[in-house]
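Residue strings, one per chain:
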Amino acid sequence: MSDRGRRSAGRGGAGRAAAARPFQYRGRELCCDGASLEALAEQHGTPLYVYSAEQVRYRFGLFQRAFAGRAHTVCYAVKANSSLAILRMLAELGAGFDIVSGGELERVRRASKRALGRVVFSGVGKQAWEIDAALKAGILLFNVESEAELGLLAARAEVLGARARFALRVNPDVFAETHPYISTGLREHKFGVEIGLARAIYRRAARSRWLDAAGVSVHIGSQIRAVGPFAAALERVAGLVGELREDGHRIRYVDAGGGLGIDYNDPPAKPAFDAARTVAEYAAALGEAAAGLGAVHLLVEPGRFIVAQAGGLLTRVLAVKKNGTKTFAIADAAMNDLIRPALYQAHHEILPVKQGRGASVPVDVVGPVCESGDFFARDRRMPRLKAGELVLVLDAGAYGMSQASNYNTRARAAEVLVDGVETRLIRRRETLKELLAAEIL
Ligand code: LLP
């Protein structure tokens, strides 16, 4: 059955038939696929992250299908949402993983030992113990970010007697329109090495028999909506690959990184094919840029695009108050649960779980943390909110829970995975005892 067909099964209503997004009103109640959010809040409390398994599978499948014509591995970026249950689900679908720490390596190991061979290890500051763990795990590729790191990798590989496959992460000096905090592909950024210096570094690396120059990698940033910059970066990489092959290096992998963005303004009722078209365009642009590469195994590292719209943050309004001309709805979730609005001025749609009827009025939806930056929305027009009411912060599946903290000594939220009509607690709410466990008096 097609994804659109499957989504519409049992739903009825022509308007919904094309909707592939998981959070929709059924009657006047917001649901995640087959699950009532009201019931989930009742059972597990709030704040609560709710994810749709079906949406994660669907989104991952878009990449698998779009790249099906060529040798490839979709290495899901663990940092976007590192829940073990989600990692296991993706591993079972054949995903590889892009990791940036020994901690993320351990997550992949626990989710699926078999997937360790499909891991690429990125990150600007790898430590010896992390490199050792990855070498022992037999990961696919180290994305090396400096010549110093290459030296460390060679040294650790020698100690462990394991040859290390690496790709130098090059900085292509390509501009991509996104928030400055998550743009990485310009010369002045800390990431990778200047592409013009790469050839000489590969030449020097060839002197070590512990290093296998297996690929080249690039990643220009995150939440990039246009496909042009990805293609431009990959074209520069393709040029370098040609030179490296001339120099005698056996380049088999090209890692195009992640970064494909979503529309945070999208209403959840927007149909499925938009996402499918975006991924198809992305794959076509990369395919064109990689055309001259000959036989290479293409790696891509999407994170956000796979999980963002699969997840929402369910929170209960504690109180509504007026200060001057402003109305504030104070929620039980806060910036420690979802920091994106505070950190990047990111927009997230917010929906009341019981569909509102009255006129929309401007409201600031804020958390209880002691910072004015602790908000989810400012001057947002919403049906009048009441104390005790549930609302859902949308598109919170990526960089939500994975960036959560204990600021203000707040325990981290619970997480639930909805799979069709089944729901499963995949992380229970942190207790204060756990939160304080590492402290010494
Ligand atoms: N590969 C590498 C090497 C990365 O650094 C990243 C993200 C990805 C892949 C995945 O990018 P994605 O497909 O998810 O855009 N916290 C920010 C995003 C930070 C992204 C960091 N690197 C946010 O909430 O927008």
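This one's a predicted model, so the numbers in the text were calculated from it and none came from an experiment.

## Side note on the pairing of strand β14 (residues 311–323)
Move 1: Relative to β14, strand β4 (residues 48–52) is paired through four bridges, and the arrangement is antiparallel. Note on β14: the bridge partner recorded for tyrosine 49 is leucine 313.
Move 2: Strand direction decides the pairing type here: β14 and strand β19 (residues 390–393), joined by four bridges, are antiparallel. Paired with arginine 316 across the bridge in β19 is leucine 390.
Move 3: Pairing of β14 with strand β15 (residues 326–331) involves six bridges; the strand directions are antiparallel. Opposite valine 317, over in β15, you have alanine 331 as the bridge partner.
Move 4: Taken together, β14 and the strand that follows it, β15, pair antiparallel across an intervening segment of two residues, in which glycine 324 is found at a positive phi of about 65°.

## Some words on the site of the ligand
Move 1: In the vicinity of the ligand lie 19 residues, with Ser222, Glu301, Arg340, Tyr344 and Tyr399 positioned nearest.
Move 2: Contact between the ligand and lysine 79: an oxygen atom at 3.3 Å from a side-chain N or O atom of the residue.
Move 3: A distance of 3.1 Å separates a nitrogen atom of the ligand from a polar atom in the side chain of glutamine 403.
Move 4: Relative to its free-state accessible area of 590 Å², the ligand is covered by the protein chains to the extent of 91%.
Move 5: Mapping the ligand onto the cavity grids shows that it belongs to the largest pocket.
Move 6: Here the residues of the shell around the ligand are counted per class, giving five nonpolar, eight polar and six charged.
Move 7: Composition of the shell around the ligand by domain shows at least three residues from each of domain 1 (3–52 + 309–436) and domain 2 (53–303).

Calculation criteria
- Residues numbered from 1 in each chain as written.
- Predicted model: local features only at pLDDT ≥ 70, side-chain atom pairs only at ≥ 80, totals over all residues.
- Heavy atoms only, no water.
- Pairing = 2+ DSSP bridges.
- Helix = DSSP H or I, 4+ residues; strand = E, 2+ residues; numbered from the N terminus.
- Near = heavy atom within 4 Å.
- Polar contact = N/O pair within 3.5 Å; in protein donor to acceptor, adjacent residues only side chain to side chain.
- Areas by Shrake-Rupley, 256 points an atom, 1.4 Å probe, with all protein chains shown as cover.
- 1 Å grid on protein atoms, 1.4 Å probe; cavity = no way out; pocket = protein on both sides within 12 Å on 5 of 7 lines; lining within 4 Å.
- Sits in = over half its atoms within 2 Å of the grid points.
- Nonpolar A, V, L, I, M, F, W, Y, C, P; charged D, E, K, R; others polar.
- Domains from an automatic or database assignment.

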